[in-house]
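Structural overview
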Amino acid sequence: MSALLNTIKTAITGTRFGMPIYTVVVKTEIYEERRYPETKWVSTKVEGMFHKESRSTGFRRLFNYLQGDNKPSRKVDMTAPVATKIFPGPGPNCESMFTVSFFILPENADNSPVPTNPDVYLETWPPLTIYAKQFDGSPSDDNFVSNAQELGQALSGKNINPNVWFTASYDSPFKMFNKRNEVWYLKLDEENKTKSEN
């Protein structure tokens, strides 16, 4: 009940969840180029045809982890964004691989509870350079795709893997206005290459 009340409070007051820090390297009319330090996340993989359904499945697993589905049955603070990496299937009628991730606050990174669900795992992201395009509203899968296409076009000639991209949602589903949503591509330098290909 307290978790639900906190979510409603966030929706009403606009209070932000804890988020990873980053430095904006370049800002254009369409995107930001950001530099992130090493971060820790709790993640789960979901195979599916559709982003929304797959992300919802992953979200439920990870939310259960936050609510105590872990050792030692400890509650963990909700954070933002809910990041979803999309690795498309080999064809239009093939399932894609969606990796849904919650950020772990730095103060919890060294003593994070161990997931008890075998489909949930802890992982460390190396320092990353991310190209991010932000937009508001409650987007459909088509909106995410169209924004990713626009970002991809704006990054023409940049060193990215155009076949692997991320969605990122920062706000509670109860928040009505000024929702922050993003699509990401990773800059392919030596540190980022492994993250984009896994």
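Calculation notes
- Residues numbered from 1 in each chain as written.
- Predicted model: local features only at pLDDT ≥ 70, side-chain atom pairs only at ≥ 80, totals over all residues.
- Heavy atoms only, no water.
- UniProt positions renumbered as here; feature names shortened; annotations may be inferred.
- 1 Å grid on protein atoms, 1.4 Å probe; cavity = no way out; pocket = protein on both sides within 12 Å on 5 of 7 lines; lining within 4 Å.
- Points joined across faces, edges and corners; volume = space filled by probe spheres on them.
- Helix = DSSP H or I, 4+ residues; strand = E, 2+ residues; numbered from the N terminus.
- Nonpolar A, V, L, I, M, F, W, Y, C, P; charged D, E, K, R; others polar.
- Core = buried A, V, L, I, M, F, W, Y, C linked by side-chain atoms within 4.5 Å.
- Buried < 20%, exposed > 50% of the residue type's maximum accessible area, 1.4 Å probe, protein only.
- Expected span 1.5 Å × (residues − 1).
- Arc of directions from axis to C-beta.
- Salt bridge = Lys/Arg side-chain N within 4 Å of Asp/Glu carboxyl O.

For the chain, the name recorded in an unreviewed UniProt entry is SOUL heme-binding protein, with Patella caerulea as its organism. On record in UniProt, under Sequence similarities (unreviewed entry), the comment for the chain is "Belongs to the HEBP family."

**Observations regarding the layout of surface pockets**
By volume, the second largest pocket amounts to about 320 Å³. Along its surface, the second largest pocket is lined by 16 residues, and Met49, Phe50, His51, Ser96 and Phe98 are the ones closest to its centre. Elements that contribute at least two residues to the lining of the second largest pocket include exactly strand E6 (96–104) and helix H3 (141–154). Sort the elements by how many residues they give to the lining of the second largest pocket and H3 lands first, with three residues. Classifying every residue of the lining of the second largest pocket gives nine nonpolar, five polar and two charged.

**Some points on the nonpolar core**
With 16 residues, the main nonpolar core has Trp125, Ile130, Tyr170 and Trp184 as its most contacted residues. Looking at this core, the elements that each hand over two or more residues are strand E9 (128–135), strand E10 (165–169) and strand E11 (181–186). Counting residues in each nonpolar core, the second largest holds 13 residues, with Ala148, Trp165, Val183 and Tyr185 among its members.

**Regarding helix H2 (residues 51–66)**
With 16 residues, H2 ought to run about 22 Å at 1.5 Å a step, and its terminal C-alpha atoms sit 22 Å apart, in line with that. Buried residues of H2: His51, Ser54, Gly58, Leu62, Tyr65 and Leu66, and no others. Viewed end-on, H2 has its buried residues packed into an arc of 115 degrees, placing them on one side of the element. Turned more than 90 degrees from where H2 packs its buried face, Lys52, Glu53 and Arg60 sit exposed. Just downstream of H2, Gly68 is the residue with a positive phi angle, here 125 degrees.

**Description of the pattern of salt bridges**
For the structure shown, the criterion picks out six salt bridges. Measuring nitrogen to oxygen at the nearest pair gives 3.1 Å for the salt bridge that ties Lys27 to Glu32. On the accessibility criterion, Lys27 (60% relative accessible area) is exposed. The class for Glu32 is buried, based on a relative accessible area of 14%. For the salt bridge of Glu182 with Arg180, the shortest nitrogen-to-oxygen distance reads 2.9 Å. Residues joined in a network through salt bridges with shared partners are Lys27, Glu32, Arg34, Arg180 and Glu182.

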